[in-house]
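What follows is each chain in one-letter form.
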Amino acid sequence: MKKTVVELIEVAKDFDGQRALADISLTVTDGEFLSLLGPSGCGKTTLLRLIGGFEHCTSGLLRIDGQDMDRIPPEKRAVNTVFQNYALFPHMTVYDNVAFGLRMAKRSSREIRLAVTQALDMVQLSGLEQRRPAALSGGQQQRVAIARALINKPRVLLLDEPLSALDHRLRKQMQKELKQLQRALGITFILVTHDQDEAFAMSDRVVVMQAGRIEQIGTPMEIYENPVNLFVARFVGDINILDGVVVSRSGADTYHALVEGVAVTLHSRRDFLPGQQLHVLLRPEDVRLEQERDIAESRSLSAKFAQARLPGTVQRIFYHGATYDVEVMLDNGNQVQVTEFFDEDSANLSFRPGDQVALGWLQGWEVVLPHEG
Amino acid sequence: MSRWLKGGYAASIFLFLYLPLVVVAVFSFNDSRFSLAWHGFTLDWYVRLWHNTGLMTAAVNSLIIAASAATLATFLGTIAAFVLHQYRFAGRRLLFGTFFVMMMSPDIVIAISLLLLFLALPLNLGFHTLLLAHIVLCVPFVAITVFSRFHRFQHDVIDAARDLGASEYQVFRHIVLPLAAPAVAAGWLLSFTLSLDDVIISFFNTGPGFEVLPLRIYSMVRLGIRPDVNALCVAMIVFTIIALILTKILLKEKK
């Protein structure tokens, strides 16, 4: 069991009577890379600022290393922050920026020189010590901000959308570097982002937030494959949402249901009652798609569609290089997005607009949720 | 053609702005006591100015008042601006509004109300009352100048400094002050000139024992413009230009 570093218990935060955060309970373990993921205005930055000490909880408890942080100012917390726009000190050189934390702690100049040299080496900025922030590129400024925040060896590093100002390629590269840095240092990282790719690529666990509340906490895989509600499902990647109703239960986790008007078998560990409305969620890449006439000809293929076989017509094809998307209109008029990988044996697309097709899924890959109205 | 037009336009503006100063400078070297016609070059008036102890004392008094009022007003105004920028407290907007009211109020109103206050307290009019009055005059200008500078740099920078372990004093000393330095310097200069050429507030709030330059000149000019006043004006212009160049150099080296 790893040690808990940051612990929030039923934390709430109001701004001028407006609730910004509600009912936040969260534990962050030592050495973990945690992401706070959500749309803008969901409270993820406020949560980060609470941990950093720039805001105070309206109610609830915040502990860092077991110690209550109520009324403890930022300068007294073993936590450092990489700010969204880096917030480098414009009147200081790179060296002075990085040395700032140690100077405030009144360390000897020899010790400072050693630590700053090491820190700049770590973020590959050696040789730029005497530059001003204004004379650095965005990526370099980012590295200075990271080196500066790590110089005091914090227990937790907070990162507020640190990569949002960088272009796509540089962002990918910095994602890798940040992850490597975190592994090498063993420091807990808490990252705020609205980019699910970024959160998934770097984090051990992801906290999905909406409107000041935590919707789901889990590993990227859990979040992606078992979203607890429609918001989470929609926010992390593309998803098809089908409507259905339970007909009967047959066994512990097996249901007979009508989905988009077609009788199917569903698997879910949740409890549903006969007659209950539900959603069936399918990732585009989890949908099984075949030509109707191929299924009619092949017994093994039709066996694969035994539990669910939704008829439809191919509408459009979108080519993406390694994959292609197929837009299918079900017979009841609803649209479904399917992602297909290229067949290794043939260079041609397997589907054309107008094809009569059937939709199905691998047993147990569907996510079944109660209907949200 | 258009180049001549542009040049001529610029020249006419400079002429409009600086012709009065040129006239004063020319007459300060004119070898005639009353005439406005040119009677030949002389440095007599400068020599006389140097020996006019009354005028020189008033000048020194003015410089002392201007320098001390500017320094104290800059100190108070900068702190006020920092507080207004950094903290949210009851009465913050009121304080902010008060500064604007003070800047807009006619000097005569400030002068009379200060005079009444000093008499009611009671304080003897003289150096101290004049200093207080000039500080009152200057603080709003410094506060607003410095405040607008604070608003231009990111608040994140202050958060970052605190995050890295800086106490409130250290934040002020290492981050806020260096970043606001140009505005603080500008505030000081502004206060200095405000104090130096103020007539109305000085007129009501100083005593007979402490005479400042504008009042002295004012009383002299009532008996006709004397060339040593011209000389004094030129000396002050030179002084101002030197001060300006010095601040330019100082601010440049900071960059």
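Residues numbered from 1 in each chain as written. Chains lettered and ligands numbered in written order. Predicted model: local features only at pLDDT ≥ 70, side-chain atom pairs only at ≥ 80, totals over all residues. Heavy atoms only, no water.

**Student:** How do you make sense of the overall build of chain A when you look at a structure like this?
**Tutor:** On a plain count of helices and strands, chain A comes out with ten helices and 20 strands. Summarising its shape, the C-alpha atoms of chain A cover approximately 80 × 50 × 40 Å along the three principal directions. Put simply, of all contacts in chain A between residues at least 6 apart along the chain, 65% involve residues at least 24 apart. When the accessible surface of chain A is summed, it comes to about 17800 Å², and 47% of that surface belongs to carbon and sulfur atoms. In chain A, 41 positive and 48 negative side-chain charges are present, and the distance between their average locations comes to 9 Å. (Helix = DSSP H or I, 4+ residues; strand = E, 2+ residues; numbered from the N terminus. Contact = heavy atoms within 4.5 Å. Areas by Shrake-Rupley, 256 points an atom, 1.4 Å probe, with all protein chains shown as cover. Lys, Arg positive; Asp, Glu negative; His and termini not counted. Charge placed at Lys NZ, Arg CZ, Asp CG, Glu CD.)

**Student:** In this structure, what is going on with the sheet that holds strand 17 (residues 323–330) of chain A? I would like to understand it.
**Tutor:** Strand pairs in the sheet, formed through backbone hydrogen bonds, run parallel or antiparallel to each other. All names here are of chain A. Spatially, five strands are ordered 15-19-16-17-18 in an open sheet, and the strand pairing comes out antiparallel. Each edge of the sheet is formed by a strand with only one pairing partner; in this case those strands are strand 15 (287–291) and strand 18 (335–341). Going from strand to strand, the sheet's axes swing by 45° on average, the running direction of each strand aside. For strand 17 and strand 18, the ladder comprises seven bridges, and the chain directions are antiparallel. (Pairing = 2+ DSSP bridges. Axes fitted to C-alpha atoms, helices over the stretch in contact; angles between N-to-C directions.)

**Student:** So what exactly am I meant to see when it comes to the pairing of strand 7 (residues 156–160) of chain A here?
**Tutor:** On a regular strand, one side chain projects to one face of the sheet and the next to the other, so that they alternate. Residues and elements named next belong to chain A. Of all five residues that make up strand 7, five are buried, and the element is covered over most of its length. Because side chains alternate across strand 7, one face comprises the buried residues Val156, Leu158 and Asp160, and the other comprises Leu157 and Leu159, equally buried. Judged from the four bridges that link them, strand 6 (residues 79–82) and strand 7 form a sheet pairing that is parallel. Bridging across to strand 7, Val82 finds its partner in Leu159. Judged from the five bridges that link them, strand 7 and strand 8 (residues 188–193) form a sheet pairing that is parallel. Across the sheet, residue Val156 finds its bridge partner in strand 8, namely Thr188. In the classification by handedness, the crossover that spans strand 7, the intervening helix 5 (residues 168–185) and the parallel strand 8 is right-handed. (Buried < 20%, exposed > 50% of the residue type's maximum accessible area, 1.4 Å probe, protein only. Right-handed = clockwise from strand over helix to strand, strands pointing away.)

**Student:** Which parts of the structure should I look at to understand helix 4 (residues 138–150) of chain A?
**Tutor:** In an α-helix there are 3.6 residues to a turn, and that puts residues three or four apart on one side. Residue and element names in this part refer to chain A. Compared with the 18 Å implied by 1.5 Å per residue over 13 residues, the 19 Å span of helix 4 between its first and last C-alpha is a close match. The element helix 4 is extensively covered by neighbouring structure, given that eleven of its 13 residues are classed as buried. Where helix 4 is concerned, the buried positions are Gly139, Gln141, Gln142, Arg143, Val144, Ala145, Ile146, Ala147, Arg148, Ala149 and Leu150. (Expected span 1.5 Å × (residues − 1).)

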